[in-house]
Amino acid sequence: MDTKRSSPYQLVFGVEGMTCASCVARAEKALLKVSGVQAAHVNLATETAHVSSDQPLDYEILAAALARAGYQAEATQQQQLQITGMSCASCVGRVEKALKKVPGVLQAQVNLATETASILHLARLKPEILDHAIQAAGYQVVPAEIVLNITGMSCASCVGRVEKALQKIAAVEKATVNLATESATIKADPGLNVNDLIYAIQQAGYQASLASNEQNKSQQQRKEHEQQQLKFNFILALLLTLPVFILEMGSHMIPAFHMWIAEHIGMQNSWYIQALLTGLVMCLPGRHFYQKGLPALWRLAPDMNSLVAVGSLAAYGFSLVATFAPQYLPENTVNVYFEAAAVIITLILLGRFFEAKAKGRTSQAIQHLIGMQAKTAHVLQGDQFVDLPIMQVQTGMRIEIRPGERVPVDGKVTSGQSYIDESMLSGEPLAVAKQIGDEVVGGTINQTGSLQIRATAVAEATVLAQIIQMVERAQGAKLPIQAVVDKITLWFVPVVMILAVLTFLIWFIFGPDPALSFALVNAVAVLIIACPCAMGLATPTSIMVGTGRGAELGILFRQGDALQSLQQAQVVAVDKTGTLTEGKPQLTDFEVRPAFQREQLLAQVASLESKSEHPIAHAIVESAQQQGLALLPLEEFQSITGFGIQARVAGQMIYIGADRFMQKLGHDVSVFATIAQQLGEEAKTPIYIAVEDQLAALMAVADPIKASSYTAIQALHQLGLKVVMISGDNRHTAEAIAKQLNIDEVIAEVLPEDKVNAVKSLQQQYGHVAYVGDGINDAPALAAADVGIAIGTGTDIAIEAADVVLISGQLDGVVNAIALSKATIQNIKQNLFWAFVYNAALIPVAAGVLYPHFGLLLSPIFAAAAMAMSSVFVLSNALRLTRFKVQT
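Just so it is clear, the structure is predicted and the values come from calculations on it, not from any experiment.

Next up on the list: the nonpolar core. Membership of the largest hydrophobic core comes to 132 residues, with the highest contact counts inside it found for Met86, Leu99, Leu566, Ile789, Val804 and Val814. In terms of residue count, helix 30 (residues 812-847) provides more of this core than any other element does, 13 residues in total. Once you skip the residues sitting within four places of it in the chain, Val814 turns out to touch Val572, Leu716, Val772, Ile789 and Leu806. By size, the runner-up hydrophobic cluster in this structure holds 25 residues, among which are Ala606, Val649, Ile687 and Ala696.

This next bit is on the UniProt feature "transmembrane region" (unreviewed entry) in the protein. When the UniProt feature table is mapped to this numbering, "transmembrane region" (unreviewed entry) covers residues 232-251, 271-290, 302-324, 336-354, 488-510, 516-539, 832-851 and 857-879. Spanning residues 271-290, this segment combines 85% helix with 0% strand, and its end C-alpha atoms are found 23 Å apart. Strand forms 0% of residues 336-354 and helix 89%; the C-alpha atoms that close the span are 30 Å apart.

Turning to the packing of helix 10 (residues 267-283) against helix 12 (residues 304-324), a few remarks are in order. At a minimum axis separation of 10 Å, helix 10 and helix 12 run at an interaxial angle of 150 degrees. Classed by the angle they form, the pair helix 10 and helix 12 counts as roughly antiparallel. As helix 10 runs across helix 12, the sense of the crossing is left-handed. Side by side, helix 10 and helix 12 meet where Gln268, Trp271, Tyr272, Ala275, Thr278, Gly279 and Met282 of the first sit next to Ser312, Leu313, Tyr316, Leu320, Ala322, Thr323 and Phe324 of the second. Its residues placed into classes, the contact of helix 10 with helix 12 shows 9 nonpolar, 5 polar and no charged.

What follows is about the packing of aromatic side chains. Geometrically, a pair of aromatic rings is defined through the distance of the ring centres and the angle of the planes. Evaluation of the coordinates by the stated rule reveals 9 aromatic pairs. Summarising the aromatic geometry, the rings of Tyr316 and Phe338 are spaced 5.6 Å apart at their centres and angled 65 degrees between planes, so their arrangement reads as edge-to-face. One end of the pair, Tyr316, is in helix 12; the other, Phe338, is in helix 13 (residues 338-362), with 22 residues separating them in the sequence. You can call Tyr316 buried: its relative accessible area is 15%.

The strands that make up a sheet pair up through hydrogen bonds in the backbone, lying either parallel or antiparallel. Sheet architecture is open: 6 strands sit in the order 14-13-15-21-16-19, paired in antiparallel fashion. Each of the sheet's edge strands pairs with one partner strand only, and the pair in question is strand 14 (384-389) and strand 19 (439-440). The sheet contact formed by strand 13 (residues 376-381) and strand 14 spans 6 bridges and is antiparallel. Across the sheet, residue Val379 finds its bridge partner in strand 14, namely Val386.

Turning next to the pattern of salt bridges. Evaluation of the coordinates by the stated rule reveals 5 salt bridges. With a closest N to O distance of 3.9 Å, Arg648 and Glu692 form a salt bridge. One end of the pair, Arg648, is in strand 26 (residues 644-649); the other, Glu692, is in the loop between strand 28 (685-691) and strand 29 (694-702), with 44 residues separating them in the sequence. Salt bridges linked by common partners bring Glu636, Arg648 and Glu692 together as one network.

Spatially, 6 strands are ordered 24-29-28-27-26-25 in an open sheet, and the strand pairing comes out antiparallel. At either end of the open sheet lies a strand with only one pairing partner, and these are strand 24 (586-592) and strand 25 (634-640). Direction aside, the axes of adjacent strands within the sheet are offset by 20 degrees on average. In this structure, strand 26 lies alongside strand 27 (residues 652-657), joined through 6 bridges in antiparallel fashion. Opposite Arg648, over in strand 27, you have Met653 as the bridge partner. The strands touched by helix 22 (residues 598-609) within the sheet are strand 24, strand 25, strand 26, strand 27, strand 28 and strand 29, with strand 27 carrying the most contacts at an inclination of about 70 degrees. With respect to the sheet, helix 25 (residues 673-681) is in contact with strand 24, strand 28 and strand 29, its orientation differing from that of strand 29 by roughly 10 degrees.

At their nearest, the axes of helix 12 and helix 18 (residues 515-529) sit 8 Å apart, and the two run at 160 degrees to each other. Of the possible angle classes, the one that applies to helix 12 and helix 18 is roughly antiparallel. Both helix 12 and helix 18 take part in a crossing whose hand is left-handed. Residues Met304, Leu307, Val308, Val310, Gly311, Ala314, Ala315 and Phe318 of helix 12 form the contact with helix 18, whose own contacting residues are Leu516, Ser517, Leu520, Val524, Leu527 and Ile528. A per-class count over the contact of helix 12 with helix 18 returns 12 nonpolar, 2 polar and no charged.

Our focus in this paragraph is helix 5 (residues 127-136). Of the positions making up helix 5, those classed as buried are Pro127, Leu130, Asp131, Ala133 and Ile134. Across the axial projection of helix 5, the buried residues extend over an arc of 160 degrees, all falling on one side. Of the exposed residues in helix 5, the ones pointing more than 90 degrees away from its buried face are His132 and Ala136. The inward-facing, buried residues of helix 5 abut strand 5 (76-84), helix 4 (89-100), strand 6 (105-111), strand 7 (116-122) and strand 8 (140-141). Positioned one or two residues after helix 5, Gly138 has a phi angle of 100 degrees, which is positive.

Between Asp513 and Pro514 the backbone carries a cis peptide bond, its omega angle lying at -10 degrees. Within the secondary structure layout, Pro514 lies in the loop between helix 17 (480-510) and helix 18. Despite not being glycine, Glu636 shows a phi value in the positive range, around 60 degrees. Turning to its location among the elements, Glu636 is positioned in strand 25. The backbone of Asn742 shows a phi angle near 60 degrees, a positive value even though the residue is not glycine. By the secondary structure assignment, Asn742 is in the loop between helix 27 (731-741) and strand 31 (745-747). A relative accessible area of 53% means that Asn742 is categorised as exposed.

On to the pairing of strand 13. The turn linking strand 13 back onto strand 14 is made up of 2 residues, and Gly382 within it adopts a positive phi angle of 75 degrees. Bridging between strand 13 and strand 15 (residues 398-401) involves 2 bridges; their strand directions are antiparallel. Bridging from a neighbouring strand, His378 pairs with Glu400 of strand 15.

A grouping of Trp491, Val495, Ile498, Leu499, Val501, Leu502, Leu505, Ile506, Phe508, Ile509 and Phe510 is seen on the molecular surface, where their side chains present a nonpolar patch of about 1100 Å² in accessible area. Following the sequence through the fold, Leu502 ends up in helix 17. The exposure class assigned to Leu502 is partly exposed, which follows from its relative accessible area of 43%.

Most of strand 7 is tucked away: 6 of the 7 residues are buried. In this structure, strand 5 lies alongside strand 7, joined through 7 bridges in antiparallel fashion. Note on strand 7: the bridge partner recorded for Gln77 is His121.

Before going further, it helps to spend a moment on the confidence of the model for the protein. Looking at the protein, pLDDT values average 80 and 87% of them are 70 or higher. Confidence drops under a pLDDT of 50 for residues 1-6, and excluding neighbours within four residues, the segment shows 19 contacts in the predicted structure.

Turning next to the side chain of Asn827. Tracing the chain through its elements places Asn827 in helix 30. In this structure Asn827 comes out as buried when scored by relative accessible area, which is 2%. Discounting chain neighbours no more than four positions away, the residues touching Asn827 are Ser542, Asn877, Ala878, Arg880 and Leu881.

A few words now on the environment of Arg880. With respect to the helices and strands, Arg880 occurs in the segment after helix 32 (860-879). Among the residues examined, Arg880 registers a relative accessible area of 39% and is labelled partly exposed. C-alpha separation for the pair Arg880 and Ala823, spaced 57 residues apart in sequence, amounts to 9.9 Å. Ignoring any residue separated from it by four or fewer positions in sequence, one finds Arg880 in contact with Asn827 and Gln830.

This part takes up the environment of Lys33. For Lys33, the position within the fold is in the loop between helix 2 (21-32) and strand 2 (37-43). Classification of Lys33 by relative accessible area gives exposed; the value is 65%. Remark: the alpha-carbon pair of Lys33 and Leu62, spanning 29 residues in sequence, is separated by 9.5 Å.

Let us now look at the environment of Asp131. Structurally, Asp131 is set in helix 5. Its relative accessible area of 7% is what places Asp131 among the buried residues. When the C-alpha positions of Asp131 and Pro143 are compared, they lie 9.8 Å apart, and in sequence the two are 12 residues distant.

The rules we used
- Residues numbered from 1 in each chain as written.
- Predicted model: local features only at pLDDT ≥ 70, side-chain atom pairs only at ≥ 80, totals over all residues.
- Heavy atoms only, no water.
- Core = buried A, V, L, I, M, F, W, Y, C linked by side-chain atoms within 4.5 Å.
- Buried < 20%, exposed > 50% of the residue type's maximum accessible area, 1.4 Å probe, protein only.
- Helix = DSSP H or I, 4+ residues; strand = E, 2+ residues; numbered from the N terminus.
- Contact = heavy atoms within 4.5 Å.
- UniProt positions renumbered as here; feature names shortened; annotations may be inferred.
- Axes fitted to C-alpha atoms, helices over the stretch in contact; angles between N-to-C directions.
- Parallel < 35°, antiparallel > 145°, perpendicular 65-115°, else oblique.
- Left-handed = near helix turned anticlockwise from the far one by under 90°.
- Nonpolar A, V, L, I, M, F, W, Y, C, P; charged D, E, K, R; others polar.
- Phe/Tyr/Trp six-rings, centres within 6.5 Å; stacked < 30°, edge-to-face > 60°.
- Pairing = 2+ DSSP bridges.
- Salt bridge = Lys/Arg side-chain N within 4 Å of Asp/Glu carboxyl O.
- Arc of directions from axis to C-beta.
- Patch = residues over 30% accessible without salt bridge, like charges linked within 9 Å, V, L, I, M, F, W, Y side chains within 5 Å.
- Areas by Shrake-Rupley, 256 points an atom, 1.4 Å probe, with all protein chains shown as cover.
- pLDDT = per-residue confidence, 0-100.

Shown next as structure tokens:
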């Protein structure tokens, strides 16, 4: 069984003061003494400790344990950096390698699709050290753009004072304060603590707060700008390349056009024009490839840009020699390839433009979620409602929600009634009725009536904000399948360059005349055809789209790797109460003997049950109240353990309990034998009632099965999965429900603490187990399973022990989660197959392996087109997941 699943809570931190192996042993021994710690691994080389437990870990307690052993603990910090300049999977490998070399960095994961690096490092590590490491590897860290709302400014001098206060902070690159919007936009090192900015402003005499959504907007705007820049560069390259292509290829393909050029322009002048236009293509729209690719080559860390740069420069350089100094070339090799260099750059720019557009679509689920957040709220101040920016809303405030508006924050209804569309949470299309006391969730849409609510959660504490954070974490995750890809792509570009050199030498030494031309063309084709971009995008883009689609369906992957492990599940273990059933018992049957009145007896029974806290008692009382029956006073109440309860109600002694209680009282229950057997077969709990010395009635209480459970179990079977029910109920009731639902196996009469053993038994018997529970009583079992799936309730979604959270609370979400997991992993495999097979097949073709037998060579122009389209194919394939359909 996977260690992570058996120990869901893990903590990594630094340890100072260790000098030898015995120190390691002492530190580990001290940590293992802490209550709940299951494993502790201390590394002397990195001076770090990895501690795992089956319960939340307290850093302060662990630090105190180390201090008693003579060592000092050092906290860690998680940081996310936005990186520019990465173009392929080999770039990802180099950035990760550079970051992991930095002393104090414990973990580093780089995502090409989101262009981010997630770094876990010791708290003492300064952010600028990480920046320098990334820059030394040839890439740039995007300065964090922080937007603060500022209050208290009244004139231009206030603006100057705030700007001056901000610019005194060393990590701040630029600070711009706007008096009209009362905001400050700060560009700073990504590791800067926002509280330092707020404190500096407060010291200057003003108040500030973070405008959190602005950072997402800034990143989106930057990507849109990059997309527009790529579009402009492609159009410019196309306009400059078309004349070159027509002059060169037209003269090759159309003899009459060749004669026209020779007579009216001259072939030498045609070459001069091509040299000028191609030079402009390379210096203007194509300059990025040389600015990034050549420095990477000098650092002996070539990337995709290096391949394009070397290939196009080789073609252009050879053509320049053929044009201006043909005497230095062997006879019969004086040809120009200006069109190849120009067309290569133009086609790759086109591919990158398509790639940027597709990348934008991969994150549309997050943008859609962010767009659901209301901008303002109608807040009660004094005796009237005023509009406040959403960031100024605080818990406890009274808020009015008008028909058609989005609910601004999480809250509880204090007046009014309406229907609210909660499909953004649960995926369910039907609106939900809301009245006084009901909870509402920010981002949902009010339909017909007006409501007033009291805010219970605002800003980052709202359900919607938690969902966004979960999806972002999952989208940035790296699956186990990606580890193999990373190892390959790190060496891919250098290998391609070596193959290009070998291709050139083989053709130059053994090729037919003109050997130099053949050698150059084929070597350039090898450089251009290779595409590590597709390899690097294969996994992260599918994860982004898959987790985003899941969020739209109410499926939240809290851990990105749950996408991979969920599709491996062979058994789905399901908790009964609250998962298969509604979790709210109801009075279903009430059989009264002829000598008694039904309503009077139900009122007496409900009065007696009102003294009990048992869920069955609540169901009986609720049924009586729904029928308008008043509760009666009672006397002499007594609870008899293991049998039932009794009391005097309205002057009569009432006894309620199981059949053994009636037998103890001397009553013959055989008159209800047939009905009791039938109730048992229907998974209903029979309860007997006696009045004074007579058996009066038989009633039954049952926890209704959710309507979605029937179709969900059937769908799980269609996916080839075995379904096991784990329940604390008696075996007879559990097996009755299992029979109705066609469940394969039942583990009944299990205490909550024994569910973990049940899960482990299933793992030993069948393999990978996905456990489905309500996330509260089932936390240990959720953690022990290979994948824990928590059934949420719309508002209770931050369930620590689960890997996957289903907001709707319906079992059919499990089917959709497993099907989506299978679809996503299948999509990743398709992408990887395409990326690797594409290169494995076309690099030899580009090298000229088909020429000896078929006389076929791959032009660098076609190589560039194929390379550009491979990334577009991978992204387009990943985007197919946006059309994933629900399975039930």
